[in-house]
4 protein chains.
Amino acid sequence: MIAVIRHEASKQQVENLVSWFQARGLKTHVSEGEIQTIIGLIGDTSQVDVNLVEGLEIVESVKRITEPFKSVNRKFHPADTVVDVGGMKLGGGHFHVIAGPCSVESHDQILDVAESVKASGASILRGGAFKPRTSPYDFQGLRAEGIEFLLEAKAKTGLPIVTEIMSVAHLPLFEQVDVIQVGARNMQNFELLKELGRVKKPILLKRGFMNTLTEFLMSAEYIMAEGNPNIILCERGIRTFETYTRNTLDLSAVPVLRELTHLPVFIDPSHGIGVSRYVKPMALASVASGADGLIIEVHNDPPNAMCDGAQSITPEQFADLAEKIRRIREVVASL
Amino acid sequence: MIAVIRHEASKQQVENLVSWFQARGLKTHVSEGEIQTIIGLIGDTSQVDVNLVEGLEIVESVKRITEPFKSVNRKFHPADTVVDVGGMKLGGGHFHVIAGPCSVESHDQILDVAESVKASGASILRGGAFKPRTSPYDFQGLRAEGIEFLLEAKAKTGLPIVTEIMSVAHLPLFEQVDVIQVGARNMQNFELLKELGRVKKPILLKRGFMNTLTEFLMSAEYIMAEGNPNIILCERGIRTFETYTRNTLDLSAVPVLRELTHLPVFIDPSHGIGVSRYVKPMALASVASGADGLIIEVHNDPPNAMCDGAQSITPEQFADLAEKIRRIREVVASL
Amino acid sequence: MIAVIRHEASKQQVENLVSWFQARGLKTHVSEGEIQTIIGLIGDTSQVDVNLVEGLEIVESVKRITEPFKSVNRKFHPADTVVDVGGMKLGGGHFHVIAGPCSVESHDQILDVAESVKASGASILRGGAFKPRTSPYDFQGLRAEGIEFLLEAKAKTGLPIVTEIMSVAHLPLFEQVDVIQVGARNMQNFELLKELGRVKKPILLKRGFMNTLTEFLMSAEYIMAEGNPNIILCERGIRTFETYTRNTLDLSAVPVLRELTHLPVFIDPSHGIGVSRYVKPMALASVASGADGLIIEVHNDPPNAMCDGAQSITPEQFADLAEKIRRIREVVASL
Amino acid sequence: MIAVIRHEASKQQVENLVSWFQARGLKTHVSEGEIQTIIGLIGDTSQVDVNLVEGLEIVESVKRITEPFKSVNRKFHPADTVVDVGGMKLGGGHFHVIAGPCSVESHDQILDVAESVKASGASILRGGAFKPRTSPYDFQGLRAEGIEFLLEAKAKTGLPIVTEIMSVAHLPLFEQVDVIQVGARNMQNFELLKELGRVKKPILLKRGFMNTLTEFLMSAEYIMAEGNPNIILCERGIRTFETYTRNTLDLSAVPVLRELTHLPVFIDPSHGIGVSRYVKPMALASVASGADGLIIEVHNDPPNAMCDGAQSITPEQFADLAEKIRRIREVVASL
């Protein structure tokens, strides 16, 4: 960490600040320039509050040199984390496709979709029971009943299931859920993250649509700091000024995250782009970028889907896409 | 609502869609253009799911004409909402300043600040007990103890208090809190909003730093739809590409929100800009823009504030600022 | 186009507006709703100024239904445009890689790079002679001399060349340049675009780093409206809040642009991400997304490159990448 | 400037880099941390190319400590620059309002508006002769004829005039123009900026709607580095995700710019918000924020304005606004 000192600061003030840092166990290097003095801090600065130091009157700005995340940092944990989901391995060179409808709508719907995506090679079934919707008047999900239907689909097909949690209060309903998803809007719901850190289940953490990768990793750090290392990161599109797509899929998140962290990185091209006819090219691009897996929305009747119909593809389209994903993945794995 | 139909759609498909809309109680107007056919929908479209309609294969795009919010919409409720806080009126031409530290740090600190901001004319005391922090290693607030200290300050000074809630599970601790704050990161924590709609206390809802005004109002709608009309909206800065300020204070939110909704609109220049020496000009600009009130961070020892010290001003600076606010407010009120 | 009329408008005012539209050759459909009246406009609305109509006191908002671009619109020109560059075909199923250094630095450098990228299969040589730099103190390019060096490299290798223009005044220097590039910062330099519309050479138009695809296509429309249809579109990254990458490569631009326009779509992953070790995964993802070609920065000595060294790869890395691009392209072309 | 060195770098590599910096006249301070080594650079680093250093394989990241701008930097030039426009002083505590139509439309229109804004206290007349429009089909301005009409209005009223330049080629037409405006879209048209640096006339430089304040000041630096110190900065709104306003007026630019630079800072609330009924509150907020002046669009017949009618107010509304501006300014000046 570097603290840039204001021009007006007296020698005494700088010395006081240096002592203050040293009292916190940090080594300091002071460089006096013609224009500005800077103090370099060496040691574990992850617990120094940047805002606090910036608030000091004699400090002009503070710049972090090392990342503020530790447990999820590849520097301190070079090997890939492999997350176990019902005996299946995610990350570490294993590639998987998660598929299913945006929302669980009925017993028959989720069973149907589960069977067809399994036949096409999906490894995990997704489906929303609790749905975060911008409007209170939009469909809010089947909630507890939706989870029951998912568990029936799991029992019938053997596919592990992933579904989103929206409140700590609902946690008991997730006991038999294989992977708990934290949605983009809850990425910085810190009380929820802490609670999920105490659970030992795999967590699928989605990137907030206006959050940086550092913020994303800090949210994963919240979970891991409480003791749960089973985290799957998922990029699902960020907000930009483009209006032809619902979000902009940030595929550069794949190489950057793979360098910064040991956690597996998935891509959700369906939410990332929000228009079903663009899902195929973006899914193939995601595979080529080196992602550890994909999440694809599949609906047996997209035009009547209760939510996000615009981004779902049919089981037939998914079968075709799954085959193409395999072919690109084969080349990428061989490169 | 307008649905733009794809070029390829058959006459039969368009007729089917028209019937589908009519079955939902909407009147339709079909305009066949040379290039495109559009269907105009008349009636209460706030419950039609835009995504669902966009998902239909024959639909190119959907454009809302009327706002999706109803209870908070000034069109249906022209008079200003006046929120009662301990007998004090907020909104409807009344102007108030809320002041206090970012975080409650100790019994003495909050008492001190409370007394000094009261002396300078603040109407309500703010102070964070539960603190949303990007890093799990940053100070997370005194939590339950912080609320106790706030209540003591309230007892001693008579100032009503406002403090932030981060989880439905903490609600019992807020029984004697006068105004419950929903922070920017929880603006779309829909389960929390629903729960606060069932409480009858005033809610101070902060705009998410990456949310549009429509999304902001939809979150207020979540609270109001559950029966709680006591909502104070607060703009606190949005994320932009500028790095000299922590956020960019969007003062145009004031005239726009005052036109769209009947709810009071406050501005938080301290968080909005994040640098204490810029708080004064932005506070004065907020008053001139026509805001119903301000929230100002005041700390008796900013350099040592446990969080956000960078944006706090001292009680002396606040006394000076409060006087200037009054002078600008006088002119604005007289214009 | 749809004009939403304000609640307060009188019947007479609406009728006047309808007559005004009809006088401009547009057919109108008026729909009177309970809450709002809307006027739908049918006919060629591309020449109606949205801002002007929005400025009318009785109009609440205006929404375009049809795209404002015509010549570049695939609806009116369904077949792919194939741009001829020195007998080589770009677009329409042909795939090409453009490669070369960010800046032309010396005669030997550009010759060296040209020969090595040609050997690895690049079809066109790139190199900056005029360099747009944020700082007046950064290297501004070799300018006229840089173009001479490029022409020598062209003469020696037979590779067509592409280089950026920054001012209409420099046009005479581009007489023997095969493709004239318009950089991201000049995407809305409308006087330059008009001038290039009068030239018959192929234009490589880069998307502004904060422009929407509609604005991008409107800039292409400026060139095509003046008579030059030889335009190659190039996505090169947009500005987002992410700081680990210089820009965020928006690969969804590929499927969206291919649907909206008949012009070829290239991707520049080097500028798009700005970090050389991320270029490979993003280049492969670009190919998988269905792009018509790539632009890759290659430098024989990246650490000493005069500009943008951070994003250049070496000729050896390019040879390896070119081979991988070919393998992904083969699969994509066969899908 | 700080260069953070990658973990893998050898001692020898670090020494080589240090020598390389020293050869460029910079003093260096090397701090070896447990995790990372950093090199601090002392001296004039404004001419060191950050991208070049970041491109070095052993460098992880580079952080600037001092601003890259010099001539426009208040650190090296503490006193306010006062720009002389026809004997009138701009900046340095003097406050002025520039007013006029978005576009010059006719001889009579500009005369009319000029006379009425002069009567209401405007100091300078604005009016667009060359108009940058997103669409080639929108009105492009009266061009040379528009400048003639402006000069006639100047002759008749005595008001100095400001109008926008779009190409170096048009410079001869601006000989009698008092202030040359560079529009937001040309803020990084570096060849134009250089040319204007050689002219001695005052330049009104508008901030690009997607540019940071650092980039804004670097563009001013382009002009000043060529010898022209007569620059007026103008914030006119930045692009954000909000759709109720055309742009988001960033008023925090006022206190930040006034701290960073000695140049006068104006605000254009008309373009900044784009909706005429919001101009008044934003104009008053601009004054309260401490701006050196305002630019207000005034049109004698806004509904029929050829461009940007949505944001123009009438001469009567301007007269009322000008009076309110004066009252707020009086209070601000006295605080």
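Residues numbered from 1 in each chain as written. Chains lettered and ligands numbered in written order. Predicted model: local features only at pLDDT ≥ 70, side-chain atom pairs only at ≥ 80, totals over all residues. Heavy atoms only, no water.

1. Quick notes on the overall build of chain A
Alright, step 1. Regarding its fold elements, chain A presents 10 helices and 14 strands.
Alright, step 2. With the C-alpha coordinates of chain A rotated into their principal frame, the extents come out at 75 × 45 × 40 Å.
Alright, step 3. Counting the 335 residues in chain A, one finds 67% classified as buried.
Alright, step 4. Counting every atom, chain A has about 10800 Å² of accessible surface; 49% of that belongs to carbon and sulfur.
Alright, step 5. Here chain A contributes 34 positive and 41 negative side-chain charges, whose respective centroids are spaced 2 Å apart. (Helix = DSSP H or I, 4+ residues; strand = E, 2+ residues; numbered from the N terminus. Buried < 20%, exposed > 50% of the residue type's maximum accessible area, 1.4 Å probe, protein only. Areas by Shrake-Rupley, 256 points an atom, 1.4 Å probe, with all protein chains shown as cover. Lys, Arg positive; Asp, Glu negative; His and termini not counted. Charge placed at Lys NZ, Arg CZ, Asp CG, Glu CD.)

2. Observations regarding helix 1 (residues 11-23) of chain A
Note on helix geometry: an α-helix contains 3.6 residues per turn, so any two residues three or four positions apart are oriented the same way.
Residue and element names in this part refer to chain A.
Alright, step 1. Taking 1.5 Å as the rise per residue, helix 1 with 13 residues should run 18 Å; its terminal C-alpha atoms sit 18 Å apart, in good agreement.
Alright, step 2. Residues Val14, Leu17, Val18 and Phe21 constitute the buried set of helix 1. Considered in projection along helix 1, the buried side chains sweep an arc of 100° and stay on one side of the axis.
Alright, step 3. Residues of helix 1 that are buried in the fold lie against strand 1 (2-5), strand 2 (27-32), strand 3 (37-42), helix 2 (50-54) and strand 4 (59-63).
Alright, step 4. Looking one or two residues beyond helix 1, the residue adopting positive phi is Gly25, at roughly 80°. (Expected span 1.5 Å × (residues − 1). Arc of directions from axis to C-beta. Contact = heavy atoms within 4.5 Å.)

3. Here's the deal with the sheet that holds strand 3 (residues 37-42) of chain C
Residues and elements named next belong to chain C.
Alright, step 1. The sheet built from four strands is open, its strands ordered 2-3-1-4 with antiparallel pairing. Pairing within the sheet leaves two strands with one partner each, and these edge strands are strand 2 (27-32) and strand 4 (59-63). In this sheet, adjacent strand axes meet at a mean angle of 20° when their direction is disregarded.
Alright, step 2. Where strand 1 (residues 2-5) lies against strand 4, four bridges are found, and the strand directions are antiparallel. By the bridge assignment for strand 4, Ile5 is matched with Val59. (Pairing = 2+ DSSP bridges. Axes fitted to C-alpha atoms, helices over the stretch in contact; angles between N-to-C directions.)

4. Looking at the interface of chain C and chain D
Alright, step 1. Contacts between the two partners involve 52 residues from chain C, matched on the other side by 52 residues from chain D.
Alright, step 2. Summed over both partners, the interface of chain C with chain D buries about 4500 Å², with 49% contributed by carbon and sulfur atoms.
Alright, step 3. On the chain C side of the contact with chain D, C:Tyr137, C:Glu191 and C:Met210 bury the most area, a combined 15% of that side's loss.
Alright, step 4. The interface formed by chain C and chain D contains four salt bridges.
Alright, step 5. For C:Arg143, the salt bridge identified is with D:Glu191, shortest N-O distance 2.9 Å.
Alright, step 6. Where chain C touches chain D, the interface holds 18 residue pairs in polar contact (both at pLDDT 80 or more).
Alright, step 7. Contributions of two or more residues to the side of chain C that touches chain D are made by helix 2 (50-55), helix 5 (190-198) and helix 6 (213-225) of chain C. (Buried area = accessible area lost by both parts, 1.4 Å probe. Salt bridge = Lys/Arg side-chain N within 4 Å of Asp/Glu carboxyl O. Polar contact = N/O pair within 3.5 Å; in protein donor to acceptor, adjacent residues only side chain to side chain.)

5. Considering the environment of A:Ser123
Residue and element names in this part refer to chain A.
Alright, step 1. The residue Ser123 is located in the loop between helix 3 (107-119) and strand 8 (124-126) in this model.
Alright, step 2. Once residues lying within four places of it in the same chain are set aside, the contact partners of Ser123 are Met88, His96, Val97, Leu159 and Pro160.
Alright, step 3. For Ser123, the side chain forms a polar contact with the side chain of His96, separated by 2.7 Å.

6. With respect to the interface of chain C and chain B
Alright, step 1. Contact with chain C, which involves 27 residues of that partner, is made by 26 residues of chain B.
Alright, step 2. Carbon and sulfur atoms supply 69% of the area buried between chain C and chain B, which totals about 2200 Å² over both sides.
Alright, step 3. Here chain C and chain B share two salt bridges between them.
Alright, step 4. Counting residues per element, the ones that place at least two in the side of chain C that touches chain B are strand 1, strand 2, strand 3 and strand 4 of chain C.
Alright, step 5. Here the side of chain C that touches chain B takes five residues from strand 2 of chain C, the largest share from any one element.
Alright, step 6. Of the residues belonging to the side of chain C that touches chain B, the class tally is 10 nonpolar, six polar and 11 charged. (Nonpolar A, V, L, I, M, F, W, Y, C, P; charged D, E, K, R; others polar.)

7. Remarks on the relation of the copies chain C and chain D
Alright, step 1. Under the fitted operation, chain C is carried onto chain D by 0.0 Å of movement along the axis and a turn of 180°, and the coordinates agree to an RMSD of 0.1 Å. On this basis, the relationship between the two copies can be described by a two-fold rotation axis. Rotation axis and chain C: the residue whose C-alpha lies nearest the axis is C:Met210, separated from it by 3.3 Å.
Alright, step 2. Residue by residue, 98% of the interface of chain C is reproduced at the interface of chain D, so both copies engage with the same surface. (Least-squares fit on C-alpha atoms with pLDDT ≥ 70 in both.)

8. Focus: the sheet that holds strand 11 (residues 203-206) of chain A
Residue and element names in this part refer to chain A.
Alright, step 1. Spatial ordering of the closed barrel is given by 7-8-9-10-11-12-13-14, a layout of eight strands whose pairing is parallel. Averaged over neighbouring strand pairs, the angle between their axes works out to 30° when direction is ignored.
Alright, step 2. As judged from the three bridges shared by strand 12 (residues 231-235) and strand 13 (residues 265-267), these two strands associate in the parallel manner. Residue Cys234 lies in a different strand from strand 13, and its bridge partner there is Phe266.

9. So, the confidence of the model for chain A
Alright, step 1. On average, chain A scores 92 in pLDDT, and the residues at 70 or more come to 97%.
Alright, step 2. Overall fold confidence for the complex sits at a pTM of 0.93, while the interface term, ipTM, reaches 0.92. (pLDDT = per-residue confidence, 0-100.)

10. Details of the packing of helix 9 (residues 279-288) of chain B against helix 9 (residues 279-288) of chain D
The packing of two helices is summarised by the inter-axis angle and the distance between the axes.
Alright, step 1. The N-to-C vectors of helix 9 of chain B and helix 9 of chain D enclose an angle of 155°; their axes lie 7 Å apart at closest approach. When the axis of helix 9 of chain B is compared with that of helix 9 of chain D, the two are roughly antiparallel. Note on packing geometry: the crossing formed by helix 9 of chain B with helix 9 of chain D is right-handed. Listed contacts from helix 9 of chain D to B:Pro281, B:Leu284, B:Ala285 and B:Ala288 of helix 9 of chain B are D:Pro281, D:Leu284, D:Ala285 and D:Ala288.
Alright, step 2. Each residue belonging to the contact of helix 9 of chain B with helix 9 of chain D can be placed in one class, and the counts come to eight nonpolar, no polar and no charged. (Parallel < 35°, antiparallel > 145°, perpendicular 65-115°, else oblique. Left-handed = near helix turned anticlockwise from the far one by under 90°.)

11. Side note on the pattern of salt bridges
Alright, step 1. In the structure shown here, the tally under the stated rule is 72 salt bridges over all chains.
Alright, step 2. Notably, a salt bridge pairs A:Glu323 with A:Arg326, separated by 3.3 Å at the nearest N-O pair. Linking A:Glu323 with A:Arg326, this pair stays in helix 10 (residues 315-334), spanning three residues, or about one helical turn.
Alright, step 3. Salt bridges sharing common partners tie together A:Arg207, A:Glu235, A:Asp250 and C:Glu242.

12. What to know about the relation of the copies chain C and chain B
Alright, step 1. With an axial shift of 0.0 Å and an RMSD of 0.1 Å, the rotation relating chain C to chain B amounts to 180°.
Alright, step 2. The overlap is high: 96% of the interface residues of chain C also sit at the interface in chain B, so the same surface is used on both sides.

13. A word on the packing of helix 6 (residues 213-225) of chain A against helix 7 (residues 253-260) of chain A
All names here are of chain A.
Alright, step 1. It is the contact of helix 6 with helix 7, at a shortest axis distance of 11 Å, that shows an interaxial angle of 50°. Classified by the angle between their axes, helix 6 and helix 7 sit oblique to one another. As helix 6 packs across helix 7, the resulting crossing turns out to be right-handed. From helix 6, Leu213, Phe216 and Leu217 reach across to helix 7, where they touch Ala253, Val256, Leu257 and Leu260.
Alright, step 2. Taken together, the residues of the contact of helix 6 with helix 7 break down into seven nonpolar, no polar and no charged.

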